[in-house]
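Read off the chains here:
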Amino acid sequence: MERIFSGVQPTGNLHLGNYLGALKNWVGLQERFECIYCIVDLHALTVPQDSAALTAHTREVTAAFLASGIDAKNGIIFNQSAVAGHSELAWLLGCLTPLGWLNRMTQFKDKAGKHQEKAGLGLYAYPVLMAADVLLYKATHVPVGEDQKQHLELCRDIAGAFNRQYGVEYFPLPEPQIFGEATRVMSLRDGTAKMSKSDSSDNSRINLTDDRDTIARKVRKAKTDADPLPESVKGLEGRPEAANLVGIYAALAGTDRKAVLDRFAGAQFSAFKEALTELAVEALGPIGEAMTELKRDTATVDGVLKEGAERASAIAEKHLAEIRDLMGLLRCE
Ligand code: TYM
């Protein structure tokens, strides 16, 4: 069976973009693939973290996985730092990665901003750790939102470099799976900016734990333009806020933009926003409730992570032994 790996950073405020761009799609893949889903706490450390908050967020993201319908029995859920192989493989792959490849990464430029000299080595090497995550399990497919595309192209390049260097087809070149109508959910306050955990305005995003009233208020306040909804998908061009809300509706309803516009063509935003609120509350309400329950039940959440780490380690250790052999690293038993 082909294998999936994907991850989410435990940085709090999981939002509708994470759900529609990642979690919702992950659930549907569980029948066809062996799935490994990871809370990437080592990646979170690439920017300053409060220790207690990082622990709490790791449990919260685990709760979000479970509440969204990810099955920890057939699949594997674990946190990255619990499997030491991620750090080890990141070092090994880092030795094969030219700086020129890393210098092209736009996320580093965005996050480091004007102060690149002060940015940490971890932030710079972030994509190498991400490649290690995927390759440690020889994953064949990686479902993500569009913002991760460049990192996955680098992952394929690194896998190819390893295979060439050691003259074997050891790593499969993993396929990014970027699908659905919401591969890039935009901010509710600005249709040209990505919905993000780090946006200072909470009104820019719908969090998975928002209650009905909060969702209704945020959708009502969402920025729009003055025209009614268009008749065709083409009519959404140049209307980023309208395109975003229609895309969100389509993804939540499990349909496409055309079907949404067939129904709402000519409608005012006030009516459309009401329908969107209903749909969002229907989809997210049960997830938020299940998350709240699970947040109280630390024992269950920690049990899932412990078992997941054991199962992930078994795969990781086998592969690492093969990789060390290929690279000539001596290990005397
Ligand atoms: P992270 O934690 O930023 O986001 C988790 C997932 O949510 C998707 N996403 C979005 N999708 C649509 N619209 C948005 N506005 C939006 N915001 C976030 C992301 O694309 C991602 O799929 N580097 C990764 C985590 C990672 C990883 C991996 C992923 C580490 N190792 C290995 C795949 C494979 C990240 O920071 O995701």
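Residues numbered from 1 in each chain as written. Predicted model: local features only at pLDDT ≥ 70, side-chain atom pairs only at ≥ 80, totals over all residues. Heavy atoms only, no water.

The environment of the ligand is formed by 28 residues, the closest being Gln9, Tyr126, Asp133, Asp147 and Val185. Contacts to the ligand include Asn18, whose side-chain N or O atom sits 3.1 Å from an oxygen atom. Here a nitrogen atom of the ligand sits 2.8 Å away from a polar atom, N or O, in the main chain of Val185. Relative to its unbound accessible surface of 720 Å², the ligand loses 96% to contact with the protein. The site holding the ligand turns out to be the largest pocket. Counted by class, the shell around the ligand contains 12 nonpolar, 11 polar and 5 charged residues. (Near = heavy atom within 4 Å. Polar contact = N/O pair within 3.5 Å; in protein donor to acceptor, adjacent residues only side chain to side chain. Areas by Shrake-Rupley, 256 points an atom, 1.4 Å probe, with all protein chains shown as cover. 1 Å grid on protein atoms, 1.4 Å probe; cavity = no way out; pocket = protein on both sides within 12 Å on 5 of 7 lines; lining within 4 Å. Sits in = over half its atoms within 2 Å of the grid points. Nonpolar A, V, L, I, M, F, W, Y, C, P; charged D, E, K, R; others polar.)

A contiguous patch of positive charge on the surface is contributed by Arg189, Arg217, Arg220 and Lys221. Topologically, Lys221 is positioned in helix α9 (residues 212-221). (Patch = residues over 30% accessible without salt bridge, like charges linked within 9 Å, V, L, I, M, F, W, Y side chains within 5 Å. Salt bridge = Lys/Arg side-chain N within 4 Å of Asp/Glu carboxyl O. Lys, Arg positive; Asp, Glu negative; His and termini not counted. Charge placed at Lys NZ, Arg CZ, Asp CG, Glu CD. Helix = DSSP H or I, 4+ residues; strand = E, 2+ residues; numbered from the N terminus.)

Examined at the domain level, the chain breaks down into domain 1 (3-182 + 298-327) and domain 2 (202-294). Buried area between domain 1 and domain 2, summed over both chains or domains, comes out near 1,600 Å², and the portion from carbon and sulfur atoms is 72%. Taken together, the connections running from domain 1 to domain 2 amount to 1 salt bridge. Taking the shortest distance from any N to any O, the salt bridge between Arg257 and Glu181 comes out at 2.9 Å. Our count for the contact surface shared by domain 1 and domain 2 stands at 4 residue pairs in polar contact (both at pLDDT 80 or more). (Domains from an automatic or database assignment. Buried area = accessible area lost by both parts, 1.4 Å probe.)

Moving on to the pairing of strand β1 (residues 3-8). The element β1 is extensively covered by neighbouring structure, given that 5 of its 6 residues are classed as buried. With 6 bridges connecting them, β1 and strand β2 (residues 34-39) associate as parallel partners. Note that in β2 the partner of Ser6 across the bridge is Tyr37. Tracing the backbone out of β1, into helix α1 (residues 16-29) and back to the parallel element β2 gives a crossover that is right-handed. (Buried < 20%, exposed > 50% of the residue type's maximum accessible area, 1.4 Å probe, protein only. Pairing = 2+ DSSP bridges. Right-handed = clockwise from strand over helix to strand, strands pointing away.)

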